[in-house]
Amino acid sequence: MIVMKFGGTSVGSAERMQEVVQLVKQTATKSCPVVVLSAMSSVTNALIAGAKAAAAGNFNDALRQVDLIRAKHVEAINAISGGADLLSEIEERLAELVVTYKGIAAVGELSKRSLDAVSGMGELLSSAIVARIANAQGLRSQWLDARKFMITDDSFGRANPVWGELVPATREALMPLLEQGTVVFTQGFIGSTRKGVSTTLGRGGSDYSASIMGVAIDADEIQIWTDVDGMMTADPRVVKDARVISEVSFQEASELAYFGAKVLHPLTIKPAVEKKIPVRILNTFRPTEPGTLIKDTVVSDDIIRAVSSKKGITAIFISTPKMLMSYGFLAKVFAIFDRYQTSIDTIATSEISVALTIDQTESLNEIVRDLSEYGEVRIVHDVAIVSVVGRQYREKSGIAGRVFASLKDVNIVMISGGASDINLSFVVEGANADDAVRMLHGEFLSQGGQSNPLSFVIPSGSEESAARS
Ligand code: ADP
Ligand code: ASP
Ligand code: MG
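The shown structure was predicted, so the numbers you read here are calculated from the model rather than taken from an experiment.

J.: Quick one: what's the story with the overall build of the protein chain, residue by residue and with numbers?
T.: Across its full length, the protein chain holds 15 helices and 16 strands. A buried classification covers 53% of the 469 residues belonging to the protein chain. A total accessible area of about 20400 Å² is found for the protein chain, and carbon and sulfur atoms account for 51% of it. Taking the average location of the 46 positive side-chain charges in the protein chain and that of its 54 negative ones, the two points are 1 Å from each other.

Structure below.
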């Protein structure tokens, strides 16, 4: 069994949707896939923009977003044959959207719960059209509303699977269809609570949906079909000569996804690891390319495998003489982040200060207020985490030195490394992130980069002391 997930650009027009159905049909000759679909590109953003406009009292702007969304779907439906009744289905969903926008406008506030109800609609719209194309082409298939079986908790905006209920519900919904050779078309990104309230798994969460469903049905492979040839040595939008990596380990893929490689939602790998289900990244635009296989173990001599950056990060520096020689200080700091359910991405400590980064800033004011009880707090907005994922940090000396030596004129805000064998992360000002990635790629990964002799040698173990600066 195979799960095939198609992202926003892969279903961005009627033509693209038809391509998707062709790819599904090819797979269906060998095994019966579950097809997980994203919203058409830019639709989730438009849905969210409409909700924000409604909350801000600009209802006409919200309606303008509805018009944009309508136009995009109607254009796709008009380009396929036999879609007349789909138009009324789309209108029904859009009418529901307008009602929700009206509710948001009436209270003048956008709750996370309402935002989830709105932002998940794009997947329902796109999947209805793709399923119709499949049907018209004679593929034995069935459209399913993922909210019937993707049971999550009520952490709106980044809901978590409730495995104990989700797995039996998913198996019950999907297995009888798959066993009789019926291809299932469903949505990524969305789920619902036990009580039937709509949730989402977080932006980019369709990849995560695919791996959750893959685990629930014991799939042989989870395929992430997107708009690039695979997981690459850097974001190809930033580095022109980025290359596809043919095989990546689960651990490397997780680190890269967590630290900014948008090609994969950070949580995608987690469920797959437990059942050792391989994840393959493939390009819908160039389906014959081999892509990237993400699996348990990978053999490679590369010193550095890839470079990524995660922008829009906030760095927090806490300085306090109280920390000197005291125990329990970090526990108090962590308790504050725990209280506001804010996760820490990177951390570095010294004798009298702690530096850390977060990417969710909803509770920043409260966090700063509480931290201020323990010391002086300084905030730097708009920084970026740059991560260098490699293999031989432990075995080979000099790599960290070479990393920092290659960063000419880039001011380093903080260094956090050593916790993972395979990742060295540091923080730069947001405006420098792309340059830093390009310099590192040039040093290690551009043609010939790997074979360069180590240009800067420092004794092994110095990475650790650098991390504690
Ligand atoms: P989808 O809509 O298919 O989910 P996304 O836009 O979420 O696609 O992710 C694909 C994009 O991820 C690519 O277009 C690319 O710009 C970006 N990206 C960032 N880092 C990497 C990387 N290391 N390898 C490949 N793509 C990357
Ligand atoms: N459509 C959702 C988003 O744009 C989920 C996804 O594409 O993975 O975030
Ligand atoms: Mg994505």
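Moving on from the model shown.
J.: Talk me through the nonpolar core; I want residue IDs and the actual numbers.
T.: Judged by nonpolar contacts, the single largest core of 98 residues is most densely connected at Phe6, Tyr101, Phe185 and Leu264. Ranked by residue count, the leading element in this core is helix 6 (residues 121-136), at nine residues. Counting residues in each nonpolar core, the second largest holds 27 residues, with Val388, Leu407, Val428 and Val437 among its members.

J.: Can you explain the pairing of strand 9 (residues 279-283)? Please cite residues and give values.
T.: Of all the five residues making up strand 9, four are buried; the element is thus mostly covered by neighbouring parts of the structure. Alignment of strand 7 (residues 221-226) against strand 9, held across five bridges, turns out to be parallel. Residue pairing across strands places isoleucine 224 opposite isoleucine 281, the latter belonging to strand 9.

J.: Tell me about the pairing of strand 7, and please be specific about residues and values.
T.: For strand 7, a buried count of six out of six residues is recorded, marking the element as mostly surrounded by other parts of the structure. Side-chain alternation along strand 7 places Glu221, Gln223 and Trp225 on one buried face and Ile222, Ile224 and Thr226 on a second face that is also buried. One ladder, built from five bridges, connects strand 1 (residues 2-6) with strand 7; its direction is parallel. Looking across to strand 7, one finds that isoleucine 2 is bridged to glutamate 221.

J.: Quick rundown of the site of ligand 1? Include the residues and the values.
T.: Lining the immediate surroundings of ligand 1 are 16 residues, of which Thr226, Met232, Asp235, Arg237 and Lys262 lie closest. In the model, an oxygen atom of ligand 1 is placed 3.1 Å from a nitrogen or oxygen of the glycine 8 main chain. Contacts to ligand 1 include arginine 237, whose side-chain N or O atom sits 2.8 Å from an oxygen atom. Taken by itself ligand 1 offers 580 Å² of open surface, and the protein chains cover 90% of this. When the residues that make up the shell around ligand 1 are grouped by side-chain class, the tally is seven nonpolar, four polar and five charged.

J.: Residues and numbers for the site of ligand 2, please.
T.: Ser38, Thr44, Glu123, Phe189, Arg203, Gly204, Gly205 and Ser206 make up every residue found near ligand 2. Between ligand 2 and the protein, one listed contact pairs a nitrogen atom with a side-chain N or O atom of threonine 44 at 2.8 Å. One of the backbone N or O atoms of glycine 205 is found 3.4 Å from an oxygen atom in ligand 2. For ligand 2, the protein covers 85% of the area, taking 260 Å² as the surface of the free molecule. Among the residues making up the shell around ligand 2, the classes are represented as one nonpolar, five polar and two charged.

J.: Before we move on, could you go through the confidence of the model for the protein chain and cite the residues and values that matter?
T.: When pLDDT is averaged across the protein chain, the result is 91; 93% of the residues are at 70 or more. In this model, residues 449-469 is a region of pLDDT below 50 whose contacts with residues beyond four sequence positions or in other chains number 39 contacts.

J.: Help me get a handle on the pattern of salt bridges, residues and values and all.
T.: Here the structure, examined in full by the defined rule, presents 25 salt bridges. The salt bridge partner of lysine 276 is aspartate 296, with a shortest N-O separation of 3.7 Å. Within this pair, whereas lysine 276 is found in the loop between helix 10 (269-275) and strand 9, its partner aspartate 296 is found in the loop between strand 10 (292-295) and strand 11 (304-319), the two being separated by 20 residues in sequence. The class for lysine 276 is exposed, based on a relative accessible area of 55%. In the salt-bridge network here, residues are joined through shared partners; they are Asp67, Arg70 and Glu91.

J.: Kindly report on unusual backbone geometry, identifying the contributing residues and their values.
T.: Positioned with a positive phi, aspartate 218 is a non-glycine residue whose angle comes to about 60°. Its place among the elements puts aspartate 218 in the loop between helix 8 (206-216) and strand 7. The class for aspartate 218 is partly exposed, based on a relative accessible area of 43%.

J.: So what's going on with the packing of aromatic side chains? Which residues, and what values?
T.: Going through the model one piece at a time under the given rule, you end up with four aromatic pairs. Relative to phenylalanine 259, the ring of tyrosine 258 lies with its centre 5.0 Å away and its plane at 90°, an arrangement referred to as edge-to-face. Residue tyrosine 258 is classed as partly exposed on the basis of its relative accessible area of 31%. The positively charged end of arginine 16 is found above the aromatic ring belonging to phenylalanine 285, 3.9 Å away from the centroid. The ring of tyrosine 258 is capped by lysine 310, whose NZ or CZ atom sits 4.6 Å from the centre of that ring.

What counts and what doesn't
Residues numbered from 1 in each chain as written. Chains lettered and ligands numbered in written order. Predicted model: local features only at pLDDT ≥ 70, side-chain atom pairs only at ≥ 80, totals over all residues. Heavy atoms only, no water. Helix = DSSP H or I, 4+ residues; strand = E, 2+ residues; numbered from the N terminus. Buried < 20%, exposed > 50% of the residue type's maximum accessible area, 1.4 Å probe, protein only. Areas by Shrake-Rupley, 256 points an atom, 1.4 Å probe, with all protein chains shown as cover. Lys, Arg positive; Asp, Glu negative; His and termini not counted. Charge placed at Lys NZ, Arg CZ, Asp CG, Glu CD. Core = buried A, V, L, I, M, F, W, Y, C linked by side-chain atoms within 4.5 Å. Pairing = 2+ DSSP bridges. Near = heavy atom within 4 Å. Polar contact = N/O pair within 3.5 Å; in protein donor to acceptor, adjacent residues only side chain to side chain. Nonpolar A, V, L, I, M, F, W, Y, C, P; charged D, E, K, R; others polar. pLDDT = per-residue confidence, 0-100. Contact = heavy atoms within 4.5 Å. Salt bridge = Lys/Arg side-chain N within 4 Å of Asp/Glu carboxyl O. Phe/Tyr/Trp six-rings, centres within 6.5 Å; stacked < 30°, edge-to-face > 60°. Lys NZ or Arg CZ within 6 Å of the ring centre and 35° of its normal.

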